[in-house]
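# Chain and residue survey
Single-letter residue listing:
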Amino acid sequence: MSDPLHLSAILEDTARLLEALRAAPPLTHCITNTVVTGFTANVLLAVGAAPAMVDIVGEAGVFASVASGLLVNLGTPTPEQRAATLEAVGGASATGTPWVLDPVAIGVLPIRTDLARDLVGRRPTAVRGNASEILALAGLSAGGRGVDATDTTDAAAGAARLLAREHGSVVAVSGEVDLLTDGESEVRIANGTALLTRVTGGGCALGAVMAAFLGAAQGMDIPALHAVAAASVVYEIAAERAAETSEGPGTFAVALLDALAAISPADLADARVEVAALEAAR
Amino acid sequence: MSDPLHLSAILEDTARLLEALRAAPPLTHCITNTVVTGFTANVLLAVGAAPAMVDIVGEAGVFASVASGLLVNLGTPTPEQRAATLEAVGGASATGTPWVLDPVAIGVLPIRTDLARDLVGRRPTAVRGNASEILALAGLSAGGRGVDATDTTDAAAGAARLLAREHGSVVAVSGEVDLLTDGESEVRIANGTALLTRVTGGGCALGAVMAAFLGAAQGMDIPALHAVAAASVVYEIAAERAAETSEGPGTFAVALLDALAAISPADLADARVEVAALEAAR
Amino acid sequence: MSDPLHLSAILEDTARLLEALRAAPPLTHCITNTVVTGFTANVLLAVGAAPAMVDIVGEAGVFASVASGLLVNLGTPTPEQRAATLEAVGGASATGTPWVLDPVAIGVLPIRTDLARDLVGRRPTAVRGNASEILALAGLSAGGRGVDATDTTDAAAGAARLLAREHGSVVAVSGEVDLLTDGESEVRIANGTALLTRVTGGGCALGAVMAAFLGAAQGMDIPALHAVAAASVVYEIAAERAAETSEGPGTFAVALLDALAAISPADLADARVEVAALEAAR
């Protein structure tokens, strides 16, 4: 059952983060796949962050150490990007830059699966994936058949908790209802729209927004779970606004950018969030 | 002169494929150029397919063997993509996954020209290109000066027939009127709009849609020529719908995605298709 | 103080170039970053140019020598792109193809900074960057913290003049007011909209348009400074038109493409340009 005090703390932190982000755009370092780079950068710019894609060896480490937040998305992991990713995670770890791992389509595909399992051991601040990806990351299934989840969010709740407790990460399982956990609490977010699954990068861009919110949260005494939840709530309420004025996936993707630029703390009244304490790990 | 019985079979198969695709989205493996990845994925999602870009060595072969269809587009063929392409085509050939070759801008550019000539020998299910690319692929001209055709569709009719008969492929020549052939029949499709040439990826995305339709056609006893024609007709009628509500190339590209998501068998009444038997090869 | 005769020559050349470009689309070779490839190609198509991204070793040199203009943008410089860039610049130099250098985010990031300093020594026809990038290129500061300028356009006026005189380049500093110089004259363009900074590729695409206009100018007896100014004026007036009908960054990016396709010499009445002679170098 939902904890009203914790819930109101999350929503207050969401409003604070949204304002902080607009006041001082967090430099958000993205190593992401070639399909969604442009859309991801536009989502970050729209919400108020400053995106930069730096994914080559010799620069990724330097940049991760000066960035506010880092996204590592494994959608099209060329050898150069794989090496740059390890360099960036090293830089982020050394300076305490929060970072998000998005293990796109792991399970069947061997190279990214091995890399994702290596990376999760380096204690990402957050992990975002669909249910199949989170199950595969925990070693509990072979993953989906591609980029789409073939498992439900609830089916991945145990895997999410396991990963969160083992690696000290916030784990976010995207789905019709998103499930987020830091191993101690579980947040469920029912905002969003099915149109997000009809646009490429609908999920990938959310991972980038999480990196931006984690970056903005630094020095604000806001728990990582709240920052990740804030990113999800803001993104998904904006998506709902966009869906209202869309005639299909094309106009939706455009309207989403407008809605992200326009969203304000007042819109958080539409949040459909629940939070509950988890039983302690045995 | 057009064969009315064959024509009605094509249009019936188009309606069946459109419904099949929406009922069970075909996993469509794309190895394509960095300019059009996002647009291509959005086109596939809009029409009802499930796109996945897997273009690294060590994963491309595995994925091609589980995918429903594969697109190989040579627009920006890095060394990694070239090696992944050969791996993917190997995987597709081993499991019978239909695949489409799009020999972008071959002719003047040596590396992709050599690769395209190698690939066509591996018997792609379909080849899609503009007239200059098809002529260059058949070794009958040096190709265009870049990505634009400098030859007419009719000028490439002989080259298309030659390639189709030699490699067992359906060859689709894009132009004001598209010309498709499997070496036995010739289909001409007069749908479409010039705005498709004002948007990057207008042709590349059609190649991906062909891979999706070929994937959906598996197990349905539909000839490859019909699946390729179906992809063209659906894509180009959607483009006509989009053009009606557009104010320029920007709004057109957005409206095209909406139109692809909305198109239904009823819209096929607007098809402007002719089909004729070819004389047997000498 | 502005020179009215020089100013009217610039605006006349702008109108001539816009018409020339629509009459014979200049083949515009782009080596650019993976974030903005699609948007850049769409901007070029909209304004009337023929874009082609050829960024692999073994093809980039051949293509630069047949292209009308070349853009080299250092936003995501993989090893393959770096080698292809040197090949392309060699090809362009050998045949006199005008080329534009966009030193994205140089300063803190070591690999692109070294490459940019090497490239500027090869005498690009034009250099486009924000104030921080131009200062860093001249060795006068460490650059911005990422892709955003942290310096004002006026602060980079000296650096721009220095680079222009040393390398024989037109140097364009993008900002609220753009500052362009060939070392002899200084052009200030006050057109544009802040929305260009809310869309990824807003600046990068302008570099590509400069390459297209320089390409169109060949054989027309139009100075490079005028061609670069023409690209800026056309792009930024189109951006103003787009801003008028936009509800946010999403609709703006779409409307910009429509506006670029629609802009005509009559729209140049809205140009807000000043030009002044510089004192001779000491």
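Everything numeric here is computed off the predicted structure, so don't read it as measured data.

The rules behind each value
- Residues numbered from 1 in each chain as written.
- Chains lettered and ligands numbered in written order.
- Predicted model: local features only at pLDDT ≥ 70, side-chain atom pairs only at ≥ 80, totals over all residues.
- Heavy atoms only, no water.
- Pairing = 2+ DSSP bridges.
- Helix = DSSP H or I, 4+ residues; strand = E, 2+ residues; numbered from the N terminus.
- Axes fitted to C-alpha atoms, helices over the stretch in contact; angles between N-to-C directions.
- Contact = heavy atoms within 4.5 Å.
- Buried area = accessible area lost by both parts, 1.4 Å probe.
- Salt bridge = Lys/Arg side-chain N within 4 Å of Asp/Glu carboxyl O.
- Polar contact = N/O pair within 3.5 Å; in protein donor to acceptor, adjacent residues only side chain to side chain.
- Patch = residues over 30% accessible without salt bridge, like charges linked within 9 Å, V, L, I, M, F, W, Y side chains within 5 Å.
- Areas by Shrake-Rupley, 256 points an atom, 1.4 Å probe, with all protein chains shown as cover.
- Buried < 20%, exposed > 50% of the residue type's maximum accessible area, 1.4 Å probe, protein only.
- Right-handed = clockwise from strand over helix to strand, strands pointing away.
- Nonpolar A, V, L, I, M, F, W, Y, C, P; charged D, E, K, R; others polar.

The next subject is the sheet that holds strand β5 (residues 126-130) of chain C. All names here are of chain C. Spatially, nine strands are ordered β2-β1-β3-β4-β5-β6-β7-β8-β9 in an open sheet, and the strand pairing comes out mixed. Of all strands in the sheet, those with a lone pairing partner are β2 (50-53) and β9 (273-277), marking the two edges. The sheet shows a mean angle of 20° between the axes of neighbouring strands, direction not considered. As paired strands, strand β3 (residues 69-73) and strand β4 (residues 99-102) are joined by four bridges and run parallel to one another. Considered in β4, the bridge of Val72 is made with Leu101.

Contact with chain A, which involves 27 residues of that partner, is made by 25 residues of chain B. Carbon and sulfur atoms supply 63% of the area buried between chain A and chain B, which totals about 2,000 Å² over both sides. For Arg112 of chain A, the salt bridge goes to Glu59 of chain B, with nearest N and O atoms at 2.7 Å. Here chain A is connected to chain B by nine residue pairs in polar contact (both at pLDDT 80 or more). Among the elements of the structure, α4 (79-95), α5 (110-120) and α10 (249-262) of chain A are those that each provide at least two residues to the side of chain A that touches chain B.

So, about a nonpolar patch on the surface. Residues Val62 and Val66 of chain A together with Val108 of chain C make up a contiguous nonpolar surface patch of about 200 Å² in total accessible area. With respect to the helices and strands, the residue Val66 of chain A is situated in helix α3 (residues 60-66).

Further remarks concern the pairing of strand β5 (residues 126-130) of chain A. All names here are of chain A. Of all five residues that make up β5, five are buried, and the element is covered over most of its length. Of the two faces of β5, the one holding Ala126, Arg128 and Asn130 and the one holding Val127 and Gly129 are both buried throughout. Pairing of strand β4 (residues 99-102) with β5, which is carried by two bridges, proceeds in the parallel orientation. Along β5, the bridge assignment pairs Leu101 with Val127. Crossover β4 to β5 through α5 is right-handed. Examined bridge by bridge, β5 and strand β6 (residues 170-174) share five bridges and lie parallel to one another. Bridged to Gly129 within β6 is Val173.

Taken together, the 27 residues of chain B in the interface contact 25 residues of chain C. Taken together, the connections running from chain B to chain C amount to one salt bridge. Inspection of the region where chain B meets chain C yields nine residue pairs in polar contact (both at pLDDT 80 or more). Where the side of chain B that touches chain C is concerned, the elements lending two or more residues are α4 (79-95), α5 (110-120) and α10 (249-262) of chain B. Looking at the side of chain B that touches chain C, the element that brings in the most residues is α10 of chain B, giving four residues. Its residues assigned to classes, the side of chain B that touches chain C comprises 11 nonpolar, 10 polar and six charged.

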